[in-house]
Amino acid sequence: MSATPVVSPVDSHNPEKSELIALLGASVAELTAWVQQQGQLSYRGKQLHEWIYQKGVRSLSDISVFPKNWREEIAHIPIGRSTLHYRTVAPDGTIKYLLQLADNQIIETVGIPTFGEGGKGPKSRLTVCVSTQVGCPMACDFCATGKGGYKRNLAVHEIVDQVLTVQEDFQQRVSNVVFMGLGEPLLNTENVLAALKSLNQDVGIGARSLTVSTVGIRDRIRQFAQHHLQVTLAVSLHAPNQALREKLIPSARAYPLEDLLSECREYVEVTGRRVSFEYVLLAGVNDLPEHALELAKCLRGFQSHVNLIPYNPIQEVDYKRPNRDRIQAFVNILKQQQIAVSVRYSRGLEADAACGQLRASNN
Ligand code: SAH
């Protein structure tokens, strides 16, 4: 990587950081400013943008439309693409990738194809589940990611790269991105916001097809709302009362359920978007009829949708997934209480690529 200090387009708003990290994540306008800084004509910015986002070029020296001398001069400047460390395909077509970053850290990304009607039609959608941190500091009891500890936040280019990597591998346009991989997105809000903008404007994914999932960090949902984005906010609730939530999610102790729900209400008011609540179903722990009733009470009059996620097993803990009857009974109670609900059976279970099974390793 270059030691030459140049102002990065992606960090141009932060004058303290003067080292170029990567070009990926920068807009046409930022890339245009950068090529001009390099003494080139402005139209080269548009070319650079196309080669980075559409052609998926990995080295500036491969941009054949650039003059040879200049290409050599800038060849050392990183675009910010990861390298593939490991790839595994689950029987349902879900692909899990372990990607190696410039500092050798490994992260996980999942590509989830959705087939047409009855599973027979053409591939209709491709969803990417991206990581936002290396590891996760939240340590939720039922989640594999937290068991491996936390290393650092991901930079903007490291988030956008994951989407391009899956798109290139599937040779299909990515239709949806869910920020549900390793890490807690709202502990990395600035880079997550910049990545959302780039995915929307540079990669071309509709804002409504982008979903950010959070366990809830005090004041961050409120701050997120101020950006008036059309993206979907998903909140990992997992329990209908404070006592139970604290047992499952250590960070809930410092940020009570009541405060979390009131920030979510503000989110709905400010953005006009409903909030999705995720609720992992753990047999005998949070899946009883009284939990469903209590959950309905919490969410009454709230523009929301509940996504029930039957627990995906991980090694370190011995929670169990409830059987189908129990899950259906929970659904029925919520429906009777007029709560919008769906059950999300995770994809990629066999490849340890399902919700909560992600960790930075291939075993
Ligand atoms: N930190 C963010 C992003 C992770 S998203 C968040 O907590 O929302 C992944 C979703 O899968 C979260 O709702 C998470 O709580 C859930 N999850 C974690 N472990 C799981 C498991 N073993 N089985 C099913 N879902 C799990």
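Conventions used here
Residues numbered from 1 in each chain as written. Predicted model: local features only at pLDDT ≥ 70, side-chain atom pairs only at ≥ 80, totals over all residues. Heavy atoms only, no water. Near = heavy atom within 4 Å. Polar contact = N/O pair within 3.5 Å; in protein donor to acceptor, adjacent residues only side chain to side chain. Areas by Shrake-Rupley, 256 points an atom, 1.4 Å probe, with all protein chains shown as cover. Helix = DSSP H or I, 4+ residues; strand = E, 2+ residues; numbered from the N terminus. Nonpolar A, V, L, I, M, F, W, Y, C, P; charged D, E, K, R; others polar. Contact = heavy atoms within 4.5 Å. Salt bridge = Lys/Arg side-chain N within 4 Å of Asp/Glu carboxyl O. Buried < 20%, exposed > 50% of the residue type's maximum accessible area, 1.4 Å probe, protein only. Domains from an automatic or database assignment. Buried area = accessible area lost by both parts, 1.4 Å probe.

1. Comments concerning the site of the ligand
Logical step 1: With respect to spatial proximity, 18 residues lie near the ligand, and among them F142, S213, S236, H238 and N312 are the closest.
Logical step 2: Taking S236, its side chain carries an N or O atom lying 2.6 Å from an oxygen atom of the ligand.
Logical step 3: Contacts to the ligand include E278, whose side-chain N or O atom sits 3.4 Å from an oxygen atom.
Logical step 4: Relative to its free-state accessible area of 540 Å², the ligand is covered by the protein chains to the extent of 95%.
Logical step 5: Within the residue set of the shell around the ligand, elements represented by two or more residues are β8 (210-214) and β10 (275-281).
Logical step 6: Here the residues of the shell around the ligand are counted per class, giving 9 nonpolar, 7 polar and 2 charged.

2. Some thoughts on the environment of S27
Logical step 1: Relative to the elements of secondary structure, S27 occurs in the segment before α1 (28-37).
Logical step 2: Separated by 19 residues in the primary sequence, S27 and K46 have C-alpha atoms spaced 9.4 Å apart.
Logical step 3: In contact with S27, not counting residues within four places along its chain, are H49 and D202.

3. Describing the pattern of salt bridges
Logical step 1: Applying the stated criterion to the full structure yields 16 salt bridges.
Logical step 2: Put simply, E108 and K96 hold a salt bridge, and the shortest N to O gap is 3.7 Å. Taken together, the residues span a long stretch of sequence, with E108 in strand β3 (residues 106-115) and K96 in strand β2 (residues 95-100) at a distance of 12 residues.
Logical step 3: A relative accessible area of 5% means that K96 is categorised as buried.
Logical step 4: Connected through salt bridges with shared partners, the residues R58, R81, D161 and E168 form a single ionic network.

4. Focus: the domain arrangement of the chain
Logical step 1: In terms of domains, the chain is made up of domain 1 (15-74) and domain 2 (83-351).
Logical step 2: Computed over C-alpha atoms only, the centres of domain 1 and domain 2 are separated by 33 Å.
Logical step 3: Taken together, the contact pairs 12 residues of domain 1 with 10 residues of domain 2.
Logical step 4: The contact between domain 1 and domain 2 buries some 880 Å² in all, and 57% of this surface belongs to carbon and sulfur atoms.
Logical step 5: The three residues of domain 1 that bury the most area against domain 2 are L24, Y53 and R58, which together make up 52% of that side's buried surface.

5. So, the environment of W34
Logical step 1: As for its position among the elements, W34 is in helix α1.
Logical step 2: Look at W34 and you get buried, because its relative accessible area is 1%.

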